[in-house]
Amino acid sequence: MLSHFKNDAHKAWQSSSGLIIRQNEPKNLETPFSDVDSFLTPTELFYIRSHFPVPTIDPGTYQLHIHGAVRNPFYMNYQELRDMPSETRVAVLECAGNSRVFLVPQVDGAQWELGAVGNAEWTGVPLAALLERAGIEGDGFEIVLEGADRGTPKEPPVPPVAISYARSLPRNKAIQQEVLIAYQMNGRDLSPDHGYPVRAIVPGHYGMASVKWLTQIQVVREPFQGYWQTSDYAYWDYLDGRPVRSALGEIKLKSEIARPRVYETLAGNQVCTVFGSAWAGETEVTEIAVSTDGGRSWGEAEFLDPVQRHAWRRWKFDWLTPKQPGKYTLLARAKDAKGGVQPDHHDQNYGSYVITHPLPIEVFVENPAFAVT
Ligand code: MTE
């Protein structure tokens, strides 16, 4: 098995493998999670999740429009944005449907395995700085971020006209310093698939909030009711005991095993390093428990990365594989600084999203005498 995790936080993967195709057009490509080695996910191996074809945007004519419930609406071109004071932050982006393939019975939607998630370094201007310049009106409630990509979604209720991708952020999240209007990923200008020339990055929220090809920032006075806010990327919440649709937001605590891989064959009576990564939304991952017997007993894993809000933490666990050949189920379960722990089961109220229960990785252990050394 691969036991070559690297503890070198900023070293890029040496992997030559590519992305896994979940859908070819529009591009929905998955990171081969079992190759995860480095703290930062290299851009060429970072998952891509797009609802419509990539729009072509000329940075020479690009304009970002900031308007709505603000005192000073304005347009900003690409160069003006790049001339503003910038910040660089590491943040996990995880698609809310990551790990959907683990749901039983199977559900519709892209059959993501473990790799609709990545950890990258983003550079851009805090959204707060733009909102400050615009001056949000007192009754400004949410901030709608809209991309230049357009089309007709396939999932009902199908809108009567083509729509652009848009999501809103609660005002109190939008004004946090970590929310970026980004133009660089891992030290290079964004690639077209990842939102060139400009995208939002909303650390701590599921990936759908980080609108790519961003052209409009609109402050609205009422809750935004757009397709990706209420129909898709929404779940059943409860208000005064009644079910209501709510927009997905904060990332939930999760840990994934990268290696060994599903159905990998391991030698018995040898140390196998179980390696993975864990992340959370508005808190920190503080503990990882690993089970190698389907959840009957648990041992504590060791972190390879320090605590850093919104970034993931890689971890490892040395497992002395049993002498007894057979199939074994590995699980990882994270705890966070607020006392939260991954749930035992998927919550049906989230439909085909927020799959955060410990995901079973089944492996085979063979008789030590048969092991190829
Ligand atoms: N922004 C636009 N304009 N169009 C999109 O389809 N997809 C969203 C988000 N931003 C999307 C978008 C979703 S669902 C995710 S998970 C992330 O982008 C994925 O970002 P990435 O493709 O850079 O990994």
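Structure first, text after, so check above.
Residues numbered from 1 in each chain as written. Predicted model: local features only at pLDDT ≥ 70, side-chain atom pairs only at ≥ 80, totals over all residues. Heavy atoms only, no water.

Help me understand the overall build of the protein chain in this model?
The helix and strand inventory of the protein chain stands at four helices and 24 strands. Relative to its length of 373 residues, the protein chain is compact, with a C-alpha radius of gyration of 21 Å against a globular reference of 21 Å. Counting only C-alpha atoms and orienting by the principal axes, one finds that the protein chain spans roughly 75 × 45 × 40 Å. Evaluated residue by residue, the protein chain yields a buried proportion of 55% over its 373 residues. Contacts spanning at least 24 positions in sequence make up 73% of the contacts within the protein chain whose residues lie at least 6 apart. (Helix = DSSP H or I, 4+ residues; strand = E, 2+ residues; numbered from the N terminus. Rg over C-alpha atoms; globule rule 2.2 N^0.38 Å. Buried < 20%, exposed > 50% of the residue type's maximum accessible area, 1.4 Å probe, protein only. Contact = heavy atoms within 4.5 Å.)

Just to check I follow, could you spell out the environment of Thr 41 for this structure?
As for its placement among the helices and strands, Thr 41 is situated in the loop between β2 (28-30) and β3 (48-49). Given a relative accessible area of 1%, Thr 41 falls into the buried group. For the pair Thr 41 and Thr 31, spaced 10 residues apart in sequence, the C-alpha to C-alpha distance is 9.0 Å.

Quick question: what am I supposed to make of the layout of surface pockets here?
A water-sized probe, rolled over the atoms, reveals where empty space remains. In this structure, the largest pocket encloses a volume near 710 Å³. Along the wall of the largest pocket there are 29 residues; nearest its centre are Arg 49, His 51, Gly 109, Glu 155 and Asp 232. Put simply, the parts of the chain that give the lining of the largest pocket at least two residues each are β1 (20-23) and α4 (227-231). When residues in the lining of the largest pocket are grouped by element, the largest group, three residues, is from α4. Each residue belonging to the lining of the largest pocket can be placed in one class, and the counts come to 13 nonpolar, nine polar and seven charged. (1 Å grid on protein atoms, 1.4 Å probe; cavity = no way out; pocket = protein on both sides within 12 Å on 5 of 7 lines; lining within 4 Å. Points joined across faces, edges and corners; volume = space filled by probe spheres on them. Nonpolar A, V, L, I, M, F, W, Y, C, P; charged D, E, K, R; others polar.)

Looking at this model, I keep getting lost on the pairing of strand β10 (residues 180-185). Mind explaining?
Within a regular strand, side chains alternate between the sheet's two faces. Where burial is concerned, most of β10 is hidden: six out of the six residues are buried. Pairing of strand β7 (residues 117-126) with β10, which is carried by five bridges, proceeds in the antiparallel orientation. Pairing of Gly 124 across the sheet is with Ala 182, part of β10. Sheet topology note: the β10/strand β12 (residues 199-201) ladder contains three bridges and is antiparallel. Paired with Ile 181 across the strands is Ala 200, a residue of β12. Here β10 folds back onto strand β11 (residues 188-189), and the loop between the two strands holds two residues, one of which, Asn 186, carries a positive phi near 50°. (Pairing = 2+ DSSP bridges.)

Help me out: how do you make sense of the packing of aromatic side chains in this one?
Geometry of an aromatic ring pair is reported as the spacing of the ring centres plus the angle between the planes. Across all of its chains, the model carries 12 aromatic pairs by this definition. Seen in terms of ring centroids, Tyr 227 and Trp 228 are 4.9 Å apart; in terms of plane orientation they differ by 80°. Their pairing is edge-to-face. Tyr 227 sits in the buried class, given a relative accessible area of 11%. In this structure Trp 228 comes out as buried when scored by relative accessible area, which is 1%. Residues Trp 279 and Trp 312 carry aromatic rings whose centres are separated by 6.0 Å and whose planes lie at 35° to one another, so their mutual orientation is tilted. Taken together, the residues Trp 279 in strand β18 (residues 271-279) and Trp 312 in the loop between β21 (302-303) and β22 (313-320) connect sequence positions 33 residues apart. In this structure, Trp 279 and Trp 312 share a single accessibility class: buried. Ring pairs connect the aromatic residues Phe 46, Tyr 47, Trp 112 and Trp 122, which therefore count as one cluster. It is Arg 133 that lies over the ring of Phe 74; its NZ or CZ is 4.1 Å from the centre. (Phe/Tyr/Trp six-rings, centres within 6.5 Å; stacked < 30°, edge-to-face > 60°. Lys NZ or Arg CZ within 6 Å of the ring centre and 35° of its normal.)

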